[in-house]
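Read off the chains here:
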Amino acid sequence: MTRLLAEYPTADALVGAVRVLRDQGYRLEAYTPYPVPELDRALAAPRSRLSYAAFLLGIFGAAAAYGGQWLISAYLYPIDVGGRPLHFPLAFVPITFEMGILATALGAFAAVLVLARLVVLWDPLFEVDGFASATGTGFWLEVRAGEPDVDADIRADLAATDPVRIAEAGGPP
Amino acid sequence: MTPTAAADPILVGAPTPGELQDQLLATTWGQGGRGWRIAFAIAGALTLLLFGCIAYTVATGIGVWGNNVPVAWAFGIINFVWWIGIGHAGTFISAILYLLEQRWRTSINRFAEAMTLFAVIQAGLFPLLHLGRPWFAYWLFPYPSVMGVWPQVRSALPWDAAAITTYFTVSLLFWFLGLVPDLATLRDHAPTRRRRILYGLLALGWRGSATAWRHYRAAYLILAGIATPLVVSVHSIVSSDFAIGLTPGWHSTIFPPFFVAGAIYSGFAMVLTLVIPTRAAFRLKNVITVRHLELCACLLLVTGLLVAYGYTVEYFIAWYSGDEAERYQFFHGRPFGPGSFVFWAMLACNILTPQLFWSRRLRRNVRVLFVASILINVGMWAERFVIIVQSLQREYLPSGWRGYAPTWVDLSILAGTLGFFSLLFLTFLRLLPFVAVAEMKELRAELAHEDAAHRGPA
């Protein structure tokens, strides 16, 4: 599988190219130095489901903290302090809350690493000449092609969207 | 937006994305200059003093501090509360102002988040040292020991441990997540191979794909959303260390909101103390504009008034309660007892200083802001001294009264944490872009877009 890339000078030019090429039925991905909200609409990207992972982990963290507090203060190590109840929900609130927050944050962070395919040392894109501008001032579009013989058509369609340059990258690692 | 706000931009001039990026990255490539080196040398010397004094304290025992009975908390806890409070402005700027879509936060959020992290590091030192035997600090965390002993979670101190740990971790994740796209920019534009490798490793292989940005934005929003209640909870929990005690001057329901307001107040003061010299030294006055400083001053005025309200309510309740010890504490002990000058300094710094900011001219005067920000931080330190030392030295029984004086070790450790904080901060200024580059590019694009829309046919 080859990946054809095209660079555009502005976000608007990229969004325009995405609209044109999507109508022609290509599988697309874009690379930008900052998030471009119109791009998600143009790519018809689904909403991120990351929040579910964070929510579930947060609930788990809070529940585990509450259960853990009950376990250590009412069951494993009960101390009678002036007759105060061993299982005392009000006193368990702060730690339950904090651990819920902590688990949510760790969950959201871990989820973004997985979903955004981070923690990689190398990607074929890094070998593409000029691709460094994707984190600078350039806006890149990627077309994923299946067959080598249709490459020529894609190149022609890409060239029609008036990019700064067209480049080619190897398949995903 | 009001007409004045439109006339007073959050980004001066119309730099191209390339110019903006070059300007913001230049702080990491360039030399620090003489001022930076002198500051770094002083901060380094004070850091050595800090670690020397910590070694001395740990090796000799907590008796080298001025703490006594009844004033058992003293400097250790004053400094802890002060530093943790300073951290709050960073989270306030990065989380609450993000959710409120306040665009002026963009140029100072990275900066303020770093301040938070480094302030929490200083704060964390104090409870550990105050334990007396810091090598047993892990006893604070629940772990299955052969002794079968567990932390007492019905006490406020384990709440504190949970809150501070969570606060530090979430602040670190939030800060690092915000940094990842900029680390990729550094990786792709670094002049030397060593830097490319360093930043490349830290950037985790960020490519900036639309998919990655979508998940990234979702994660950033979630972190902002949970950091908002977190920042309110942390100082509330710190305040319960006091509020659930029976000591006169502590046992008060106003404490959680009062502490949170005070924390954000001192934090914004510290933001100004740091940002004013930095924007001058690194020539970033077009990015961190007078408007940013003015808005910080407005927040100082608001939170300063909240703090003043807290003082008023404390006094009213002390009088209204009819409790003899409370009344003595507030109407004799604090204003006229030992260390009363700290009380008067607190009132002058915390209540009078922010009143300057009713004037627009003074809010925009950089020198006035800088001096005021330092006075406010002195005032907030004094407030914690008043709450802790003055309350403890005048408890219920006159036979138990005793004064307090810090030792040279106490003072050196306080100065040392200021040095260590500055050392971390100065290192950060040179190693990482302290204005968020990707976010500034996004802001610039938004502003350019709006500008074009204004000029075009309506």
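None of these values were measured; they are calculated from a predicted model.

K.L.:
Please explain the interface of chain A and chain B as it appears in this structure.
P.N.:
Much of the literature gives interface size as the accessible area that the parts lose upon coming together. Taken together, the contacts link 59 residues of chain A with 54 residues of chain B. A combined buried area of about 4,900 Å² lies between chain A and chain B, and 72% of that area is made up of carbon and sulfur atoms. On the surface where chain A and chain B come into contact, there are one salt bridge. Of the charged contacts in the structure, one is a salt bridge between A:D123 and B:R207, with a shortest N-O distance of 2.8 Å. When residues of the side of chain A that touches chain B are traced back to their parent elements, those giving at least two are β2 (27–31), α2 (37–43), α3 (50–76) and α4 (89–115) of chain A. The leading source of residues in the side of chain A that touches chain B is α4(A), at 17 residues.

K.L.:
Any chance you could explain the packing of α3(A) against α4(A) here in plain terms?
P.N.:
Describing two packed helices takes the angle between their axes plus the distance from one axis to the other. Residues and elements named next belong to chain A. Two elements in contact, α3 and α4, have axes whose closest approach is 6 Å; the angle formed by their N-to-C orientations is 145 degrees. For α3 against α4, the interelement crossing comes out right-handed. The residue inventory of the contact of α3 with α4, partitioned by class, reads 18 nonpolar, eight polar and no charged.

K.L.:
Please explain the pattern of salt bridges as it appears in this structure.
P.N.:
If charged atoms from side chains of opposite charge come close, those side chains can pair. Residues and elements named next belong to chain B. Under the criterion given, the structure shown has 14 salt bridges over all chains. For R105, the salt bridge identified is with E439, shortest N-O distance 3.3 Å. Placement of R105 in the loop between α4 (74–99) and α5 (109–130) and of E439 in helix α16 (residues 437–455) is noted, with a sequence separation of 334 residues between them. When its relative accessible area of 16% is taken as the criterion, E439 is described as buried.

K.L.:
Help me understand the packing of aromatic side chains, please; the structure alone is not making it clear to me.
P.N.:
Two measures describe an aromatic ring pair: the distance that separates the ring centres and the angle between the ring planes. All names here are of chain B. As enumerated under the stated definition, the model contains 51 aromatic pairs over all chains in all. Between W319 and Y320, the aromatic rings sit 6.3 Å apart at their centres with planes inclined by 40 degrees, giving tilted as the arrangement. Residue W319 is classed as partly exposed on the basis of its relative accessible area, which comes to 47%. A connected cluster of aromatic rings, assembled from ring pairs, spans W82, W83, F111, F118, W175, F282, F421, F425, F428 and F434.

K.L.:
How should the packing of helix α8 (residues 210–243) of chain B against helix α9 (residues 255–281) of chain B be read in this particular structure?
P.N.:
All names here are of chain B. It is at 8 Å that the axes of α8 and α9 come closest, and there the two elements cross at 125 degrees. With respect to their mutual orientation, α8 and α9 come out oblique. Judged by the twist between their axes, the crossing of α8 over α9 is right-handed. The segment α8 lies against α9, with V232, H235, S236, V238, S239, F242 and A243 engaging F255, P256, F259, V260 and A263. Looking at the contact of α8 with α9, its residues break down into nine nonpolar, three polar and no charged.

K.L.:
Is there a simple way to think about the environment of B:G205 in this case?
P.N.:
Take B:G205: it is sitting in the loop between α7 (193–202) and α8. Residues B:G205 and B:R187 lie 18 residues apart in sequence; the distance between their C-alpha atoms is 9.6 Å.

K.L.:
Could you clarify how one ought to interpret unusual backbone geometry in this entry?
P.N.:
With the exception of glycine, the majority of residues adopt a negative phi angle, and the majority of peptide bonds are in the trans configuration. A cis amide bond, omega 20 degrees, links B:V69 with the succeeding residue B:P70. Within the secondary structure layout, B:P70 lies in the loop between α3 (33–60) and α4. At A:D162, a position not held by glycine, the phi torsion is positive, near 65 degrees. Mapped onto the fold, A:D162 is located in the loop between α5 (151–160) and β4 (165–169). By relative accessible area, which is 62% here, A:D162 ends up exposed.

K.L.:
Just to check I follow, could you spell out the environment of A:T2 for this structure?
P.N.:
Residue and element names in this part refer to chain A. Its place among the elements puts T2 in strand β1 (residues 2–8). For T2, a relative accessible area of 23% puts it in the partly exposed group. Along the sequence, T2 and L71 sit 69 residues apart, while their C-alpha atoms lie 56 Å from each other.

Criteria and cut-off values
- The numbers attached to residues start from 1 for each chain and follow its sequence in the written order.
- Naming scheme: in the order in which they are written, chains are lettered from A and ligands are numbered from 1.
- Where local features are concerned, this predicted model is filtered to residues with pLDDT of at least 70; where side-chain atom pairs are given and counted, the filter is 80 or more; whole-chain, interface and lining totals use all residues.
- Heavy atoms from the whole structure form the basis of all side-chain values; hydrogens and water molecules are not counted.
- Two residues qualify as a contact provided that any one of their heavy atoms is within 4.5 Å of a heavy atom in the partner residue.
- Accessible area, probed at 1.4 Å, shrinks when two parts are joined; the buried area is that loss added up over both.
- When a carboxyl oxygen of Asp or Glu is within 4 Å of a side-chain nitrogen of Lys or Arg, the pair counts as a salt bridge.
- By definition, any uninterrupted DSSP run of H or I lasting at least four residues is a helix, any uninterrupted run of E lasting at least two residues is a strand, and each is numbered from the N terminus.
- Here the axes come from fitting lines to C-alpha atoms, over the contacting stretch only for helices, and the angles between their N-to-C directions go from 0 to 180 degrees.
- Left-handed describes a crossing whose near helix is turned anticlockwise from the far helix by less than a right angle; the clockwise case is right-handed.
- Residue polarity follows a fixed list, in which Ala, Val, Leu, Ile, Met, Phe, Trp, Tyr, Cys and Pro are nonpolar, Asp, Glu, Lys and Arg are charged, and the others, Gly among them, are polar.
- Each residue gets one of three labels from its accessible area relative to the maximum for its type: buried under 20%, exposed over 50%, partly exposed in between, using a 1.4 Å probe on protein chains only.
- Only the six-membered ring of Trp is used, alongside the rings of Phe and Tyr, when aromatic pairs are assigned; centres must lie within 6.5 Å, and planes under 30 degrees apart are stacked while those over 60 apart are edge-to-face, with the rest tilted.
- Roughly parallel means an angle under 35 degrees; roughly antiparallel, over 145; roughly perpendicular, 65 to 115; everything else is oblique.

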